[in-house]
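A structural walkthrough
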Amino acid sequence: MLSKLFDGLLDLFFPPRPECPFCGASSKVGVVCANCRLRFREYRMAPHCPRCGRIMRPEIAIPSDMVPLCRECRVHGWPFDLARALGPYEDNLKQVIHRLKYGGSRWLARPVASLMAEVLEFGEMPVMFDLIVPVPLSRDKLRHRGFNQSALLAKEIGTVLGIPVDERSLIKVLETPAQTGLNRTARQLNLRGAFQVANRSGIYSKDILIIDDVFTTGSTMSAVATTLKQSGAKQVFGLTAATGRYV
Ligand SMILES: [Zn+2]
Ligand SMILES: [Zn+2]
């Protein structure tokens, strides 16, 4: 409750201004400027792993129709079917995600989500989704932060695409320590049993789009996808605001 009040105060003191949320160029309130929109469109054209969507390092020049799978996808694979993101977790995209997540600027969910919805229009995801499911926070984390940034993004994307958002069927039952510095196996162990399906009939036989803020190691997306598929989800796709890069 207190943190909700605090966030409300932050929104009061740092309200949206008539500038692009990404670069600060003058713009209508909450509207992304043409330059930034172009930059995000270029990320969609940039070489990225066809499976997990991570973007290649810019120094590697490969025609975009010849991009190989990244090492993770070649060696291990994933429980989700495809993942995509708006852009790399760098520069002002990273800053905007931090302002949304830790700075209390919840209004940023709308401009970020509208750009994320455009990623889907690029046509690499093969299906229309039955359901959008945000990656949940544990009850303690939610109480502490006052909101779930992934749920805010999911609601906005659901509105844009006209797809129902289900915030209740998937829950996070274990708080997990920070994943930083852990290897793949340790990260998977860390997340084992963290997510649970609370309403199996809501998930069963559905094509689901998972929404999260960042795809870094892919372990959170994997843990969620595994849990949903164990409950009978048909196909599971991931969409995040930002993703990592690979060589
Ligand atoms: Zn801009
Ligand atoms: Zn990959």
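Structural data are supplied above this passage.
Residues numbered from 1 in each chain as written. Chains lettered and ligands numbered in written order. Predicted model: local features only at pLDDT ≥ 70, side-chain atom pairs only at ≥ 80, totals over all residues. Heavy atoms only, no water.

**Digging into the sheet that holds strand E3 (residues 131-134)**
- Strand order in the open sheet formed by four strands is E2-E7-E6-E3, with parallel pairing between adjacent strands. Two strands in the sheet have a free side with no partner beyond their single neighbour: strand E2 (82-88) and E3. Going across the sheet, the axis of each strand differs from the next one's by a mean of 20°, ignoring polarity.
- Bridging between E2 and strand E7 (residues 235-243) involves six bridges; their strand directions are parallel. Bridge assignment links Ala85 to a residue of E7, and that residue is Thr240.
- Contacting strand E6 (207-215) and E7, helix H10 (residues 219-230) crosses the sheet at an angle of about 160° to E6. (Pairing = 2+ DSSP bridges. Helix = DSSP H or I, 4+ residues; strand = E, 2+ residues; numbered from the N terminus. Axes fitted to C-alpha atoms, helices over the stretch in contact; angles between N-to-C directions. Contact = heavy atoms within 4.5 Å.)

**Section: unusual backbone geometry**
- Located in the positive-phi region is Asp91, a residue other than glycine, with phi close to 45°.
- Along the chain, the position of Asp91 falls in helix H4 (residues 91-101).
- The backbone of Ser205 shows a phi angle near 65°, a positive value even though the residue is not glycine.
- Mapped onto the elements of the fold, Ser205 is located in the loop between helix H9 (200-203) and E6.
- For Ser205, a relative accessible area of 36% corresponds to the partly exposed category. (Buried < 20%, exposed > 50% of the residue type's maximum accessible area, 1.4 Å probe, protein only.)

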